[in-house]
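# Results of the structural survey
Here are the chains, one letter per residue:
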Amino acid sequence: MGIYLQSIKYDEELLRDVLALDAALYPRSFQGTTLTVKPRFEAYPEMFIYRYESENNLIGYICFFPVSHELEEKIKNSPLLYDDNITGKDIVNRPNNPYLVISIAVNKKYQRKKVATNLMQVVISKLQTKARPLTIYAYTINHESDKLFKKFSFKTSKKISDTIRLQYLKLN
C-alpha cells in the first residue's frame, strides 16, 4: 500500500532524495538542482507529495505549486519553461492563482502500478478545496505523462515538440 506524505517545511534530505530520483529518470535539461528547487521549496513548503513503500524508501513524488499571474502568462505564451526558469518569487499563494505541476517521478521498479495516478489524485483533491475557478498547468514530456494527464481531463494548450505539450485543467 505505501505511505503518502505532503511536505510541510523545507527538508534537505528529502530534497536530495527527490533530486536523485530526477537524475535516474529525467534528461539533464528536466532535472532540478538544489540551487533552483530550494528557493521554491522555501517559498511553498507544501509543494511535494511523496510516496514511500516503507519509511526510508521514496518511490515517487509529485511537485506542484501556485504561480503568479505573470508566470502563468509566460507559461501560456512562451516556449517550455525548465526548472531553472522558475524562482521562489514566481510562487504566489493567493486565492485563484493558478498551479503548476512541474514534475512527477516514479522509480522505474514501481511504474505502471498506479503510483503516478494516485499522486495526481491527491493533488487534484487538495486543489479542489481551493478558491475557484482554478487552473492547473502541467508539461508532459512523453506519451505516458500525456496519457496520465488526459486521464484527469487535462486538455492540450499547446504542442511544443513531438513529445512535449502544455496541458491545463480548469476547476470551476
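Keep in mind that this is a model prediction, so the values were computed, not measured.

### A closer look at the overall build of the protein chain
Within the protein chain, the regular secondary structure consists of 5 helices and 7 strands. Walking the protein chain from its N terminus toward its C terminus, one meets helices and strands in the order β-α-α-β-β-α-β-α-β-α-β-β. Projected onto its principal axes, the C-alpha coordinates of the protein chain cover approximately 40 × 30 × 30 Å. Taken over 172 residues, the protein chain has a buried fraction of 48%. For the protein chain, contacts bridging at least 24 residues in sequence account for 70% of all contacts bridging at least 6.

### Remarks on the sheet that holds strand β7 (residues 165-171)
The strand order across the open sheet built from 7 strands is β1-β2-β3-β4-β5-β7-β6, with neighbouring strands paired in mixed fashion. The open sheet is flanked by β1 (3-6) and β6 (155-159), the only strands paired with a single partner. Within the sheet, the average angular offset between the axes of one strand and its neighbour, ignoring direction, is 20°. Where strand β4 (residues 99-106) and strand β5 (residues 134-140) come together, 3 bridges link them in parallel fashion. Within β5, the position partnered with Tyr 99 by the bridge is Ile 136.

### Description of empty space enclosed by the protein
On inspection of all chains with the given rule, the structure shows 1 cavity of 30 Å³ or more. Counted as a void, the largest cavity has a volume near 60 Å³. Around the largest cavity, the lining comprises 14 residues; the ones closest to its centre are Asp 22, Val 37, Phe 48, Tyr 61 and Ser 103. Those elements that provide at least two residues to the lining of the largest cavity are α1 (12-25), α2 (34-43), β3 (58-66) and β4. With 4 residues, the top contributor of residues to the lining of the largest cavity is α1. Residue composition of the lining of the largest cavity, grouped by class: 9 nonpolar, 2 polar and 3 charged.

### Let's talk about the pattern of salt bridges
Inspection of every chain in the model, using the stated rule, returns 4 salt bridges. Close ionic contact of Glu 12 with Arg 16 constitutes a salt bridge, the shortest N to O distance being 3.6 Å. Remark: Arg 16 and Glu 12 occur in helix α1; sequence separation between them is 4 residues, near one turn of the helix. Taking the relative accessible area as the measure of exposure, Glu 12 reaches 45% and is therefore partly exposed. Take Arg 16: its relative accessible area is 47%, and that puts it in the partly exposed class. Ionic pairing is found between Arg 112 and Glu 144, a salt bridge with its closest N-O pair at 3.8 Å. Taken as a pair, Arg 112 in the loop between β4 and α4 (115-127) and Glu 144 in helix α5 (residues 143-151) lie far apart in primary sequence, 32 residues in all.

What counts, and at which threshold
Residues numbered from 1 in each chain as written. Predicted model: local features only at pLDDT ≥ 70, side-chain atom pairs only at ≥ 80, totals over all residues. Heavy atoms only, no water. Helix = DSSP H or I, 4+ residues; strand = E, 2+ residues; numbered from the N terminus. Buried < 20%, exposed > 50% of the residue type's maximum accessible area, 1.4 Å probe, protein only. Contact = heavy atoms within 4.5 Å. Pairing = 2+ DSSP bridges. Axes fitted to C-alpha atoms, helices over the stretch in contact; angles between N-to-C directions. 1 Å grid on protein atoms, 1.4 Å probe; cavity = no way out; pocket = protein on both sides within 12 Å on 5 of 7 lines; lining within 4 Å. Points joined across faces, edges and corners; volume = space filled by probe spheres on them. Nonpolar A, V, L, I, M, F, W, Y, C, P; charged D, E, K, R; others polar. Salt bridge = Lys/Arg side-chain N within 4 Å of Asp/Glu carboxyl O.

Distances and angles like these do not, on their own, reveal function.
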